[in-house]
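# Observations on the model geometry
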Amino acid sequence: MLVGREPQVDTLVSLFTKASSGEKATVLIDGPMGIGKTALLTEVTRRASDTGMRVLTARADRLEQDLGFGVVRQLLERTVLRDPSLLDGPAALAGPLFAPDALMPEEHSGWADTSATVLHGLYWLTVRLTETTPVVFAIDDAQWIDQASLRWLAYLFRRLEGLPVVVLATHRGGMLPTDDQLTLPRFDHRMRLTGLDERAVEQVVHSTLDQPAAEFVASCRTATGGNPLFLTALLSTCRQQALPPDAASATRISEYGPEEVDRLVRDLVHQLGPDGVTVVEAVAVLGDGASPEMIGAVADTAPDVVYDILHRMRRAGLMVGRDDHTVSFTHAVVRAAIADGMLPSVANLMRRRAARTLFDEGADRERIAAYVLRLPVVGEQWVSDVLMDAAMVATKRGAPESVAAYLRRALGEPLARSRRASALIGLGTVELGTDLPTAIANLTEGIHLSAEDDERERSAVLLGRALCVNDRYPEAIGKLQQTRQLIASRDSGLTLPEIEEVFLGTLVPEFATAAWRRCAELRLTGHEGTPVEGLAAAFRGYEQTVRTGSAAEAIRCGRRALELRPCTRSDAVAFGGAALALAAADDVEVGWQFSDQAVKDAVATGSVFTYAVWISHRGQYQYRCGRLLEAQADLQASIDIRIDHLGVGARSSHVAATAGGLLDVLVDRMLVDDAEALLRRWDLGGGLPDHLLFVRVLQARGRLRLVQGDPVRALADFQQAMDMVERCGFSNPFVYPCHYETVTALLTLGRTADARDLAERTATLSDQWGTDHAKGTAFRTRALVEPRGQALELLHESVRRLSGSPSRLDYAHSLADLGALLLRDDQPVPARDRLREALDLAERMGAVALSERVLVELKAAGGRPRSRRVHGTEALTPSERRVASLAATGATNTDIAQQLFVGLRTVEVHLTNTYRKLGIHGRTELACALSASVS
């Protein structure tokens, strides 16, 4: 019976009513040892279960802190095993977490961190669980929760809004830590338990002893502070010592204190005799849920003796049966009292027996590893086998902290060279996100020790990518170069690290010359059917593009590379070269299809990194096609994911190209203040790193300066961008085009000769590259510096060329230029036709800056344009636009949340705002509203 906690019970039970209405609640119950947290949690969850809620419970264990997702598995495993259909759909991503290691794929596919995938799956598993009834997650002793389960809690808390879920957790502590020390996520409510009041203590004492005096009861409360555990131990001692509960005894009560718990436990255990002590110590080593058979094996004691001793411990109130087959101590303090009195040699002997017994039974490797981790070096192969196998299982289960713990311990055992290499590579891989210097050291040593070329290549590419994300390109190139020199010669003569090394070198001016020299020595063709075919094709397409080779060859190679990318066991940076090739070669629609599929694949697998990369590429293609709102949504999503989920800084090269694309969109949409704010917020307004990926930022910033009426600073940005491109060995100006804007800035500043020279050079290079986009933009640029008659001819040709190009925005700009020049040439009728077409395109695309300019020209030409209004879709934020577009295709809220890596509540809020802005009542009207708003 729970005594003295009625107000707390009522408070917690009230949350269940809210959960039944679809509201979430999270409560942290905090207090010192023995204060009654577990009893309160038990009573509250019993009542929740009585109301029909689904109650899932777990008890964190200090012995299982290295067991990845140990608490999550306690909460969910039995439910999932009873109903495997819960793992259908996106929840299947969490499937490996609940599969016995015997059912795991035998092939070891590397040490890549899959935790984001598993967390994504666990969220959708939670959604599935709430479809029929509200859910209560109850976690006892959360101070010992494993790191993977802790990450799950934090991930879930950010997405709980709108889900009928209650999370209750107990936490031991004398006081709650401050926010900057708190390792648990932020709970909605914090309930601090203190000692029982006088009335409750009186009730407990009266239920234990006969007719206690008031003075005796008061002394009991003073001595124990109302702590239920200490009070129970004190009263038990009084009964054992036959101390009468009268006023005279009240003065003796002050001699007792919290240490009575330890003394009581020790006394009861020693009454069991030597076998009893051994059995109880075995239970302390094994932890909660130990079976009598395992206890007997670890204690080296006959089964009948074990059962007798466990029976006596239950009668003494120190143990309980968790079910029909296992036992546990009634309180963690009981186990702590026993464990603290054990000799280390005895504890280690029992851990070794436990591990070996489980190993011989073929138990789950992570379960065995929990005991091995606490052993000193054993020096036997079965130990290292267990640890390496456990690390592989933990990798598939998405628990990188556990992987690191197992591999560090494995490296303490004697290992064969190949096993040590694999352990070092695995450890380095999982450390990349937490301890980059140590990760680099471990990966480097592992690569040197490994004799497997495939393992070396994948590890080197992964290390290079991690260094690049942290803007450490010289180190990345150096590590890839070292690996290339280590790898044995192949028939193809080409390796993944070699391609990646050269590609990265072309992005940094100081390495570019050497990189292109090295490229000339590579054979990038003839690798069909080999592991390097995809990446070789990507680099070949990239080389053809940036060195002004064949656009047709760039398209062929780019397409082949992106076809093979999903099959390549490496998400190498160089695949971005294939995406760039298709964009520059006017194969934009195909590039969009590849990137869109890559985004969908990333959603299906829960790969946050891949999602961030390819939704950025998709956004760049959207921009080229003139879908500015969609482009803005994709580019913003990519940046948000990289900063919020991957921990990448906004000023990182990993974000720079995407940020430049987003700035371009903002300028075209005439959101000048937003663009300026973005520059300030991300510290992109001043000097920038000398790195090719910052070219897009420079160009977009220059366009912004032109709009702001500052041609001096605009020209400085354009020239720095062109200089950087040239120093990186690029001869094709249509990869990162800004020639039109640069010529405009030069003319504004009166530098006519320089403007003409640049326009003519651009025209010559456009003939070499030969795409409609290149020729059309070059004609438009030359028209700026030629007399009116010749300029009109150039603009007519520009419009003709761009009409067949996927670059709708450039086409609209050429139409606008042509219409304006026809007006100045006293040809108002054709001028109006061109300007109306340009205005129609600009408004369809959301290109507000262009449409405002065309409106002025059209009025001057005598046209009567309709009064411009803000279209419904233009009022939508990028996030609202993304959600609305998906909903219009028939996607459910669940589908949308899964695809965008957001919670259901976020989707609901965006749709509600969208309906209001578009003036509609629901999703059945959404497709028509979006279509009508655009047209």
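Residues numbered from 1 in each chain as written. Predicted model: local features only at pLDDT ≥ 70, side-chain atom pairs only at ≥ 80, totals over all residues. Heavy atoms only, no water.

For the protein chain, an unreviewed UniProt entry supplies the name AAA family ATPase and the organism Allokutzneria oryzae.

Time to look at the overall build of the protein chain. For the protein chain, the count of helices and strands is 46 helices and seven strands. With respect to the principal axes defined by its C-alpha atoms, the protein chain has extents near 115 × 65 × 45 Å. Within the protein chain, the fraction of its 935 residues that count as buried is 58%. Across the protein chain, the fraction of contacts at a sequence separation of at least 24, relative to all contacts at a separation of at least 6, is 70%. Split by element, the accessible area of the protein chain, about 37800 Å² in all, is 50% carbon and sulfur. Taking the average place of the 104 positive charges on the side chains of the protein chain and the average place of its 120 negative ones, the gap between the two points comes to 4 Å. (Helix = DSSP H or I, 4+ residues; strand = E, 2+ residues; numbered from the N terminus. Buried < 20%, exposed > 50% of the residue type's maximum accessible area, 1.4 Å probe, protein only. Contact = heavy atoms within 4.5 Å. Areas by Shrake-Rupley, 256 points an atom, 1.4 Å probe, with all protein chains shown as cover. Lys, Arg positive; Asp, Glu negative; His and termini not counted. Charge placed at Lys NZ, Arg CZ, Asp CG, Glu CD.)

Time to look at the sheet that holds strand β1 (residues 25-31). Strand order across the open sheet formed by five strands is β2-β3-β4-β1-β5, with parallel pairing between neighbours. Edge positions in the sheet fall to β2 (54-59) and β5 (189-192), since each has one partner strand and no second. This sheet shows a mean twist of 15° between the axes of neighbouring strands, independent of strand direction. By the bridge criterion, six bridges tie β2 to strand β3 (residues 135-140) in an arrangement that is parallel. Bridge pairing in β3 places arginine 54 opposite valine 135. In the packing of helix α6 (residues 147-157) onto the sheet, the strands contacted are β1, β3 and β4 (165-172), and the crossing angle to β3 comes to about 145°. (Pairing = 2+ DSSP bridges. Axes fitted to C-alpha atoms, helices over the stretch in contact; angles between N-to-C directions.)

Another point: the packing of aromatic side chains. Given two aromatic rings, one states the distance between the centres and the angle between the planes to describe the pair. If you walk through the whole model with that rule in mind, you get 11 aromatic pairs. Between tyrosine 123 and tryptophan 124, the ring centres sit 4.9 Å apart and the planes meet at 80°, which makes this aromatic pair edge-to-face. Tryptophan 124 matches tyrosine 123 in its accessibility class, with the two residues each being buried. Consider the rings of phenylalanine 503 and phenylalanine 539, whose centres lie 6.5 Å apart with planes at 80°: the pair is edge-to-face. Here phenylalanine 539 lies in helix α26 (residues 533-546) and phenylalanine 503 lies in helix α24 (residues 496-505), a separation of 36 residues in the sequence. You can call phenylalanine 503 buried: its relative accessible area is 5%. An aromatic cluster of at least three residues, connected via ring pairs, comprises Phe503, Trp516, Phe539, Tyr542, Phe730 and Tyr736. The positively charged end of arginine 159 is found above the aromatic ring belonging to tyrosine 155, 3.6 Å away from the centroid. One Lys or Arg, arginine 780, reaches over the ring of tyrosine 740 and ends 3.5 Å from the middle of that ring. (Phe/Tyr/Trp six-rings, centres within 6.5 Å; stacked < 30°, edge-to-face > 60°. Lys NZ or Arg CZ within 6 Å of the ring centre and 35° of its normal.)

This brings us to the state of the cysteines. Under the defined criterion, the tally for this structure stands at zero disulfides. Cysteine cysteine 728 remains unbridged, with the sulfur of cysteine 468 as its closest cysteine sulfur at 13 Å. Taking the relative accessible area as the measure of exposure, cysteine 728 reaches 0% and is therefore buried. (Disulfide = S-S within 2.5 Å.)

Attention now moves to α6. Counting buried residues in α6 gives eight out of 11 residues, a clear majority hidden from the surface. Within the sequence span of α6, burial applies to Ala148, Ser149, Leu150, Trp152, Leu153, Tyr155, Leu156 and Phe157. Where α6 is buried, its residues meet β1, α3 (70-82), α5 (115-129), β3, β4 and α19 (400-410).

This next bit is on the packing of helix α12 (residues 273-286) against helix α13 (residues 292-299). The geometry of α12 relative to α13 is characterised by a closest axis approach of 9 Å and an angle of 110° between their N-to-C directions. One way to sum up the angle between α12 and α13 is to call them roughly perpendicular. Handedness of the α12/α13 crossing: right-handed. In this structure, α12 uses Thr278, Val279, Ala282, Val283 and Leu286 to contact α13, whose residues at the interface are Met294, Ile295, Val298 and Ala299. Tallied by class, the residues present in the contact of α12 with α13 amount to eight nonpolar, one polar and no charged. (Parallel < 35°, antiparallel > 145°, perpendicular 65-115°, else oblique. Left-handed = near helix turned anticlockwise from the far one by under 90°. Nonpolar A, V, L, I, M, F, W, Y, C, P; charged D, E, K, R; others polar.)

Considering all chains together, one arrives at 62 salt bridges under this definition. The salt bridge partner of arginine 59 is aspartate 141, with a shortest N-O separation of 3.7 Å. Here arginine 59 is found in strand β2, whereas its partner aspartate 141 is found in the loop between β3 and α6, with 82 residues between them in sequence. In this structure, glutamate 553 engages arginine 556 in a salt bridge whose closest nitrogen and oxygen atoms are separated by 2.9 Å. You can see glutamate 553 and its partner arginine 556 sitting in helix α27 (residues 551-564), three residues apart, about one turn around the helix. (Salt bridge = Lys/Arg side-chain N within 4 Å of Asp/Glu carboxyl O.)

Turning to the packing of helix α31 (residues 628-644) against helix α43 (residues 878-888), a few remarks are in order. Where α31 meets α43, the axes come as close as 8 Å, and the angle between the chain directions of the two elements is 110°. One way to sum up the angle between α31 and α43 is to call them roughly perpendicular. For the pair α31 and α43, contact is made by Leu629, Glu630, Gln632, Ala633, Asp634 and Ala637 and by Pro878, Arg881 and Arg882, respectively.

What follows is about the pairing of β1. Within β1, seven of the seven residues are buried, which leaves it mostly tucked inside the rest of the structure. Burial along β1 is two-sided: the face carrying Ala25, Val27, Ile29 and Gly31 and the face carrying Thr26, Leu28 and Asp30 are both buried. As paired strands, β1 and β4 are joined by seven bridges and run parallel to one another. Bridge pairing in β4 places valine 27 opposite leucine 168. Of the pairings in the sheet, the one linking β1 to β5 comprises four bridges and is parallel in character.

Below, the discussion takes up the pairing of β4. Of all the eight residues making up β4, seven are buried; the element is thus mostly covered by neighbouring parts of the structure. Bridge count between β3 and β4: five bridges; the pairing is parallel. Along β4, the bridge assignment pairs isoleucine 139 with alanine 169. Following the chain from β3 across α6 to the adjacent parallel β4, one finds a crossover that is right-handed. (Right-handed = clockwise from strand over helix to strand, strands pointing away.)

For helix α33 (residues 672-681), the set of buried residues is Val672, Ala675, Glu676, Leu678 and Leu679. Burial along α33 is one-sided: seen end-on, the buried residues are contained in an arc of 155°. For α33, exposure combined with an orientation more than 90 degrees from the buried face picks out Asp673, Arg680 and Arg681. Residues of α33 that are buried in the fold lie against α32 (653-668) and α34 (695-707). Once α33 finishes, aspartate 683 follows within two positions and takes phi at roughly 55°, a positive value. (Arc of directions from axis to C-beta.)

This paragraph deals with the side chain of aspartate 288. When you line up the elements, aspartate 288 lands in the loop between α12 and α13. You can call aspartate 288 buried: its relative accessible area is 15%.

Phi at aspartate 141 takes a positive value of approximately 55°, unusual for a residue other than glycine. Taking the relative accessible area as the measure of exposure, aspartate 141 reaches 7% and is therefore buried. Of note in this structure, aspartate 300 is not a glycine but carries a positive phi near 55°.

This brings us to a negative patch on the surface. Taken together, the side chains of Glu6, Asp10, Asp197, Glu198 and Glu202 define an acidic patch exposed on the protein surface. Within the fold, glutamate 198 resides in helix α7 (residues 198-208). According to the relative accessible area criterion, glutamate 198 is exposed, its value standing at 57%. (Patch = residues over 30% accessible without salt bridge, like charges linked within 9 Å, V, L, I, M, F, W, Y side chains within 5 Å.)

This paragraph deals with the confidence of the model for the protein chain. Averaged over all residues, the pLDDT of the protein chain equals 87, while 94% of them reach at least 70. Taken together, the stretch residues 174-182 has pLDDT below 50 and engages in 12 contacts with residues farther than four places along the chain or on a different chain. (pLDDT = per-residue confidence, 0-100.)

What follows covers the side chain of serine 384. With respect to the helices and strands, serine 384 occurs in helix α18 (residues 381-396). Serine 384 gets classed as buried once you look at its relative accessible area, which sits at 4%. Within the local environment of serine 384, its side chain forms a polar contact with the backbone oxygen of glutamine 381, the two atoms lying 2.9 Å apart. Excluding anything up to four places from it in sequence, serine 384 contacts Glu413, Pro414, Leu415 and Arg419. (Polar contact = N/O pair within 3.5 Å; in protein donor to acceptor, adjacent residues only side chain to side chain.)

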